[in-house]
Amino acid sequence: MDSLVIFASGTGTNAAAIIAWTKEQNRVLPAGRQVHVSLIVSNNPQAGVLEIAKREHIPFLIIDKHTIHEALLIEQLQSYNPALIVLAGFMWKIPPGIVHAFTNRIINIHPSLLPAYGGKGMYGHHVHTAVLAAGDQESGITIHYVNEAYDEGNVILQAHCPVHTTDSADTLAQRIHQLEHFYYPRTIEYLLGRK
Ligand code: GAR
């Protein structure tokens with residue numbers, strides 16, 4: 001059984017797509033090879049992703065930047081023995097201690113073609129607004145390993161989409177989300193060696 005831990009701060013549509021994928025997988029895989037989301041971690045007590053966790057009966061953990069005890073969190077995460085820690089719209093920089101404890105096991109999705117529109121302050125709609133303001137004709141997504149620097153870990157996959165002159169940040173975000181929901185589960189499948 002492969003365990004996934006998801007970190008998310010917002011609505012959680014990517015988390016929902018990954019959970020749906022695990023259910024699909026488990027329909028076709030033999031019992032010993034099953035995959036499940038064993039824990040959802042959020043820094044936002046109001047995050048929509050927590051409603052998803054409750055609905056899916058997945059344990060969740062709310063962490064607070066000011067009171068976080070890194071060693072305890074690492075211990076707690078290790079107790080779930082995650083094959084991968086999946087950042088799905090998680091808006092904090094992962095502390096170096098956690099990156100080291102799970103080297104090459106933390107992946108992130110970013111809603112642009114990194115290195116463009118990465119770094120501090122570049123997340124969610126801020127990215128789409130910047131892409132539109134620059135007049136770019138294409139955008140896309142990047143799935144990458146997480147290291148100590150924001151949005152700079154090794155790239156695993158990039159997928160592109162057009163930007164239309166009629167786009168708003170919302171319509172571009174929808175197109176980006178479609179790419180994310182398609183590619184994030186498939187990338188996890190690939191990394192778990194199920195392809
Ligand atoms: C996604 O578009 C993801 O790429 C972005 O947040 C959104 C979360 O959507 N992540 C970042 O900007 C990280 N820098 P969701 O809550 O619906 O999955």
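Being a predicted model, the structure only gives us computed values, none of them experimental.

Asks: For this particular structure, what's the right way to read the overall build of the protein chain?
Replies: In terms of helices and strands, the protein chain carries 6 helices and 7 strands. When the helices and strands of the protein chain are read in sequence order from the N terminus, they spell out β-α-β-α-β-α-β-α-β-α-β-β-α. Over its C-alpha atoms the protein chain spans a radius of gyration of 16 Å, differing by no more than 12% from the 16 Å that the globule rule assigns to 195 residues. In terms of its C-alpha atoms, the protein chain occupies a principal-axis envelope of roughly 50 × 40 × 30 Å. The buried share among the 195 residues of the protein chain stands at 46%. Across the protein chain, the fraction of contacts at a sequence separation of at least 24, relative to all contacts at a separation of at least 6, is 66%. About 9,800 Å² of surface is accessible on the protein chain, with carbon and sulfur atoms providing 52% of the total. The averaged location of the 16 negative side-chain charges in the protein chain is 7 Å from the averaged location of its 13 positive side-chain charges.

Asks: I keep staring at the site of the ligand and nothing clicks. Help me out?
Replies: The environment of the ligand is formed by 15 residues, the closest being G12, T13, N14, G124 and E180. Contact between the ligand and H110: a nitrogen atom at 3.2 Å from a side-chain N or O atom of the residue. Computed on the free molecule, the ligand has an accessible area of 450 Å², of which 93% lies beneath the protein chains in the complex. Those elements that provide at least two residues to the shell around the ligand are α1 (13–28), β5 (106–110) and α6 (169–191).

Asks: Honestly, the side chain of T22 in this entry has me stumped. Any pointers?
Replies: Of note, T22 is situated in helix α1. T22 has contacts with L4, V35, H36 and V37, leaving out every residue within four places of it along the chain.

Asks: What is the right way to look at the environment of G32 in this model?
Replies: Along the chain, G32 falls in the loop between α1 and β2 (35–42). With 31 residues separating them in the primary sequence, G32 and M1 have C-alpha atoms 5.7 Å apart.

Asks: Sorry if this is basic, but what is going on with the pairing of strand β4 (residues 82–87) here?
Replies: Along any regular strand the residues' side chains alternate between the sheet's two faces. Counted residue by residue, β4 has 5 buried out of 6 residues, so it is predominantly covered. Of the pairings in the sheet, the one linking β4 to β5 comprises 3 bridges and is parallel in character. Bridge assignment links L87 to a residue of β5, and that residue is N108.

Asks: Would you take a moment to explain the nonpolar core for this structure?
Replies: Nonpolar side chains in soluble globular proteins generally cluster together in the buried interior. Judged by nonpolar contacts, the single largest core of 34 residues is most densely connected at L4, I6 and I188. Take this core: its biggest share by element is 5 residues, from α6. Each residue touching I6, except ones within four places of it in the same chain, is listed here: A15, I18, V37, L39, I40, V41, V86 and A88. V5, L61, I85 and L87 belong to the second-largest nonpolar core, a separate cluster that totals 19 residues.

Asks: Looking at this structure, how should I read the pattern of salt bridges?
Replies: On inspection of all chains with the given rule, the structure shows 4 salt bridges. Two residues, K23 and E56, come together in a salt bridge whose shortest N-O distance is 2.7 Å. Of this pair, K23 sits in helix α1 while E56 is found in the loop between α2 (48–55) and β3 (60–62), placing the two residues 33 residues apart along the sequence. By relative accessible area, K23 is classed as partly exposed at 42%. Since its relative accessible area comes to 23%, E56 is described here as partly exposed. Among the salt bridges present, the one from D167 reaches R175, with a minimum N-O distance of 2.7 Å. The residues D167 and R175 share a single accessibility class, namely buried.

Conventions we followed
- Residues numbered from 1 in each chain as written.
- Predicted model: local features only at pLDDT ≥ 70, side-chain atom pairs only at ≥ 80, totals over all residues.
- Heavy atoms only, no water.
- Helix = DSSP H or I, 4+ residues; strand = E, 2+ residues; numbered from the N terminus.
- Rg over C-alpha atoms; globule rule 2.2 N^0.38 Å.
- Buried < 20%, exposed > 50% of the residue type's maximum accessible area, 1.4 Å probe, protein only.
- Contact = heavy atoms within 4.5 Å.
- Areas by Shrake-Rupley, 256 points an atom, 1.4 Å probe, with all protein chains shown as cover.
- Lys, Arg positive; Asp, Glu negative; His and termini not counted.
- Charge placed at Lys NZ, Arg CZ, Asp CG, Glu CD.
- Near = heavy atom within 4 Å.
- Polar contact = N/O pair within 3.5 Å; in protein donor to acceptor, adjacent residues only side chain to side chain.
- Pairing = 2+ DSSP bridges.
- Core = buried A, V, L, I, M, F, W, Y, C linked by side-chain atoms within 4.5 Å.
- Salt bridge = Lys/Arg side-chain N within 4 Å of Asp/Glu carboxyl O.

As far as function goes, none of this settles anything; it's purely spatial.
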